[in-house]
Amino acid sequence: MYVEIDDDALELIATEGHSVAFGARFLKRVINEQIKLPVTIHWNDGSHFRVRVARQTIVVEAGSVRLAAA
């Protein structure tokens, strides 16, 4: 399996997973909800996944399938 993460997506993930009060405590939750879950659900759709930003939302693509985090 190969996961490619665009720079914009990485920046958005870091921003959403960081809090001034709590630091990076929520980073794991953001990664699990916005990347790991869509990849797990569509595991059989391909072995190459691309994570990018579309309209300020993390989008995970597998082959020709577009998966948007809820």
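Basis of the calculations
- Every chain's residues receive numbers from 1 upward, in the order its sequence appears when written.
- Side-chain atom pairs in this predicted model are given and counted only at pLDDT of 80 or more, local residue features only at pLDDT of at least 70, and totals for whole chains, interfaces and linings cover all residues.
- Hydrogens and water molecules were not included; the side-chain quantities draw on all heavy atoms of the structure.
- Take the buried residues of types Ala, Val, Leu, Ile, Met, Phe, Trp, Tyr and Cys, join any two whose side-chain atoms come within 4.5 Å, and each joined set is a nonpolar core.
- Relative accessibility thresholds used throughout: buried, under 20% of the residue-type maximum; exposed, over 50%; partly exposed, between the two (1.4 Å probe, protein chains only).
- Put simply, DSSP marks the helices as runs of H or I at least four residues long and the strands as runs of E at least two long, and each gets a number from the N terminus on.
- Only heavy atoms matter for contacts: two residues are in contact if any of them lie within 4.5 Å across the pair.
- The predictor reports its confidence for every residue as pLDDT, a score running from 0 up to 100.
- In this scheme Phe, Tyr and Trp rings, the latter by its six-membered ring, pair at centre separations within 6.5 Å, and the angle between planes marks the pair as stacked below 30 degrees, edge-to-face above 60, and tilted otherwise.

Asks: Please explain the nonpolar core as it appears in this structure.
Replies: Most often, soluble globular proteins have nonpolar side chains that are buried together. If you look at the biggest cluster of nonpolar residues, it comprises 11 residues: A9, L12, I13, V30, I35, V39, F49, V51, I58, V60 and A62. Among the elements of the structure, α1 (7–16), α2 (27–41), β2 (48–54) and β3 (57–62) are those that each provide at least two residues to this core. With residues near it in sequence (within four places) discarded, V30 still touches I13, E16, G17 and I35.

Asks: Before we go on, may I ask you to explain the environment of A54 in this structure?
Replies: By the secondary structure assignment, A54 is in strand β2. Judged by its relative accessible area of 21%, A54 is partly exposed. Between the alpha carbons of A54 and Q34 there is a distance of 13 Å; along the sequence they are 20 residues apart.

Asks: Hey, could you run me through the confidence of the model for the protein in this one?
Replies: Should the pLDDT be low somewhere, the predicted coordinates at that spot are not to be read in detail. Taken over all residues, the pLDDT of the protein has a mean of 89, while the share at 70 or more is 90%. Averaged pLDDT values for the elements of the protein fall to 60 in strand β4 (residues 65–68) and rise to 96 in α1.

Asks: Where do I start with the packing of aromatic side chains in this structure?
Replies: Each aromatic ring pair is described using two quantities: the centre-to-centre distance and the angle formed by the ring planes. The final tally for this structure, using the stated rule, is one aromatic pair. Each ring, one from F22 and one from F26, has its centre 5.7 Å from the other, and the planes form 85°; the classification is edge-to-face.

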